[in-house]
Amino acid sequence: MAADFVTKQDANWDLERGAFNILIDQEPAGIAIPRSADDVSDVVRSAAADGKRVAAQCTGHLAAPLGSLADTVLLRTAGLDGVVQIDSAAGSARVGAGALWGDVVPRASELGLAALHGSAPGVGIAGYTLGGGLSFYARKHGLACNRVTAIELVTADGEQVRVDADNEPDLFWALRGGGGSFGVVTALEFELLPLSQIYAGALFFPADQSSDVLRSWQEWIADVREEMTSVWRILNFPPVPEIPEPFRGNSYTAIEAIYCGDAADGEGLVAPLREAGTVGMDTMAVQPPQGIAELHMDPPDPLPYLGDSLVIGDLSPAAIDSLLKAIGPGSGSQLISVELRHCGGALSRTPEGAGALATFPGSFLAFGVNFVPMPEMMANPCLAGRFQGRTTALRRRHLSQLCRGALRDDQGVPAGDRGPPLRGQAALRPRRSLPIKPPGHGLASATACSSRVISSTRPGRPWN
Ligand SMILES: Cc1cc2nc3c(=O)[nH]c(=O)nc-3n(C[C@H](O)[C@H](O)[C@H](O)COP(=O)(O)OP(=O)(O)OC[C@H]3O[C@@H](n4cnc5c(N)ncnc54)[C@H](O)[C@@H]3O)c2cc1C
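An account of the accompanying structure is given in this report. It should be emphasised that the depicted structure is a prediction, and the values quoted were computed from it without experimental measurement.

## Points about the sheet that holds strand E10 (residues 184-191)
So, point 1. Reading across the sheet, the five strands line up as E5-E6-E10-E8-E9 and stay open at both edges, with antiparallel pairing between neighbours. Every interior strand has two partners, whereas the edge strands, strand E5 (84-87) and strand E9 (160-164), have only one. Within the sheet, the average angular offset between the axes of one strand and its neighbour, ignoring direction, is 10 degrees.
So, point 2. In the sheet, strand E6 (residues 92-96) pairs with E10 via five bridges, with the strands oriented antiparallel. Among the inter-strand pairings, Ser 92 is bridged to a residue of E10, identified as Glu 191.
So, point 3. Those strands touched by helix H2 (residues 37-49) are strand E8 (148-154), E9 and E10, and its axis lies near 50 degrees from that of E8.

If you want it as C-alpha cells, here you go:
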C-alpha cells in the first residue's frame, strides 16, 4: 500500500491528528495519508478487513461531528491535492480532495474567474462543497454544491466511481449538500463564475454606533440587489500584541459588502452605508475576486474556540433590541465576533438539477464566536505545539494588509465600548460550521453530520 500510515508511536502523530479547533482532541485508531485514488481504495479495504471505519478529513475545520474515532481510521486528504486544473475557456475547475480554496481562488481570479468559496482560504473545497457552501456570491449564485458537475469518490467497498448527472445520478444528488458519508471524495469538478472584478470591502464604525449601523444596514438590505451580499458584525479585538494597531484592544461594528455585478454600480449602491455612522476605516474598492479571500479575517491556523450559529427568518426590531442588549456596547460581551450574514435571493430558489441541499432557509445566518484560552490545554504538547509559533506572523500579516491604506483621512476608529479585556493569546474571528441542512431528505447536515465514516465489517491490523 502506498499511503503513509501514522501511529501513536510516530513523531508526527500529534500533528496529523490535530483538528482546526484545538479543543477537539482527536484519538483515531490510526491515520492514513493516501496520495492517489488507488491508495484511498487500499485504505478503505484494509480498514474494512481490520474491522475499522474510515473518516475522511481535510483541514479538520469541522472535526467535532466525527465524534469518537476510537474504531476509526482518520483518512487525511492532504496528499490528494495534486490536481488543481482550471479550464478558463470552459469556466470550470477540477481539484483533488486535498485542495483548499486558497489553492484555487487566486489562480481563477488571474483568469477572470471567481469561485463560490467561503470566508476562509484555509477551508477544504471538498468538505465545504459537500456540506453546501455559503459564499459571498451566494445571494446571486446560490450554494456552491449546486455548481458541482462531477465527483470522483471511493465507496465503502473500495470501488472508484465517477458520478455526475448521467452516471449514478442518485449518488451525485446526495453528495451535493448531503455531506461526505457516502464515500471518500478524491476529486471534484465545478463551475466558476466569469467575473474579473467586484466591488467589495468593509466599513468599520465605532462600536458605540452599533445600533444605528445595524438598523441602517437592515433598511439598506431590504431592497438591495441579489448581486450584493453583505454581513453586519460586532468585533472585539483583544489587547494582545498579535493584533496590530489600530485594531488592538478596540471594538468596532462593521459592514462587509460584496457586489458581483458591474463594479461601478456597486460603488453607488454601497455609498448610503457610509451615512450609517462615522466611518473610521473604509476598505471598499474595485478589485479582482481574490481581493476578498481574507476580507472576513478568519484565522488561518488552528486555535481553541467556541462558536454557535443560528438561521434567522426575520429580523424584527425586537430581535435587534435583544441582540444589541446581549452583545452590543455596554453589554459586557467579550465575543470576538458576532455577525449577521444576509442570505435570501438565489439561496431561496431551487436551481435546475440541484443536489440534496437545493436552498438555504432563512434570511440571515447569525454566528458568534470566542477564543477559549485554557491553561490545561496549553499544557498538552500536541495542542500547544499546534497553537504556538504557527499563528502570530500570519495573523499579523492579515491585519496589517487590511490596515494599509485603509484609514480614511488618517483617522483611526476611536475605541468603542469594550468589555473587560480578553486574556491569553487571542486571534481573529474563528468560526464554526454553518447550519446547512438538506431540507426534507433526512441526510446528514454540514454541522450535524453525525459521523462522516464509512462502516466496515471485519477485524484486523495496521492501525492497532
Ligand atoms: C474559519 C471557518 C470559516 C468558514 N467559513 C465558511 C463559509 O464562509 N461558508 C461556509 O459554507 N462554510 C464555512 N465554514 C464551514 C466549512 O465550510 C465547513 O466546516 C467545512 O465542512 C470544512 O471543510 P474541510 O474539508 O476544511 O473540513 P474537514 O473537517 O476536514 O471536513 C469537513 C467534513 O467534510 C468531510 N470531508 C472532507 N473531505 C472529504 C472527502 N474528501 N470525502 C468525504 N468527506 C470529506 C469530513 O468527513 C467532515 O465531515 C467555515 C468554517 C471555519 C472553521
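## Some words on helix H6 (residues 169-178)
So, point 1. With seven of ten residues buried, H6 lies mostly within the body of the structure.
So, point 2. Among the residues of H6, Phe 172, Trp 173, Ala 174, Leu 175, Arg 176, Gly 177 and Gly 178 are the ones counted as buried.
So, point 3. On its buried face, H6 sits against helix H4 (125-130), E8 and E9.
So, point 4. Once H6 finishes, Gly 179 follows within two positions and takes phi at roughly 90 degrees, a positive value.

## Things to note about the pairing of strand E14 (residues 251-259)
So, point 1. With respect to burial, E14 is a largely interior element, nine of its nine residues being buried.
So, point 2. Burial along E14 is two-sided: the residues Ser 251, Thr 253, Ile 255, Ala 257 and Tyr 259 and Tyr 252, Ala 254, Glu 256 and Ile 258 are all buried.
So, point 3. Relative to E14, strand E12 (residues 198-206) runs antiparallel, the two being bridged by eight bridges. Each bridged residue has a counterpart across the sheet, and for Phe 204 the counterpart in E14 is Ala 254.

## Side note on H2
So, point 1. Compared with an ideal rise of 1.5 Å per residue, which puts 13 residues at 18 Å, H2 spans 18 Å between its outermost C-alpha atoms and is within 8% of the ideal.
So, point 2. When H2 is considered as a whole, its buried residues turn out to be Asp 39, Val 40, Ser 41, Val 43, Val 44, Ser 46, Ala 47 and Ala 48.
So, point 3. Positive backbone phi, at 75 degrees, marks Gly 51, one or two positions downstream of H2.

## Some words on the pairing of E9
So, point 1. In this structure, E8 lies alongside E9, joined through five bridges in antiparallel fashion. The partner of Ala 150 across the bridge, within E9, is Asp 164.
So, point 2. The turn linking E8 back onto E9 is made up of five residues, and Gly 158 within it adopts a positive phi angle of 85 degrees.

Analysis parameters
- Residues numbered from 1 in each chain as written.
- Predicted model: local features only at pLDDT ≥ 70, side-chain atom pairs only at ≥ 80, totals over all residues.
- Pairing = 2+ DSSP bridges.
- Helix = DSSP H or I, 4+ residues; strand = E, 2+ residues; numbered from the N terminus.
- Axes fitted to C-alpha atoms, helices over the stretch in contact; angles between N-to-C directions.
- Contact = placed C-beta atoms within 7 Å.
- Buried ≥ 20, exposed ≤ 12 C-beta atoms within 10 Å, placed from the backbone.
- Expected span 1.5 Å × (residues − 1).

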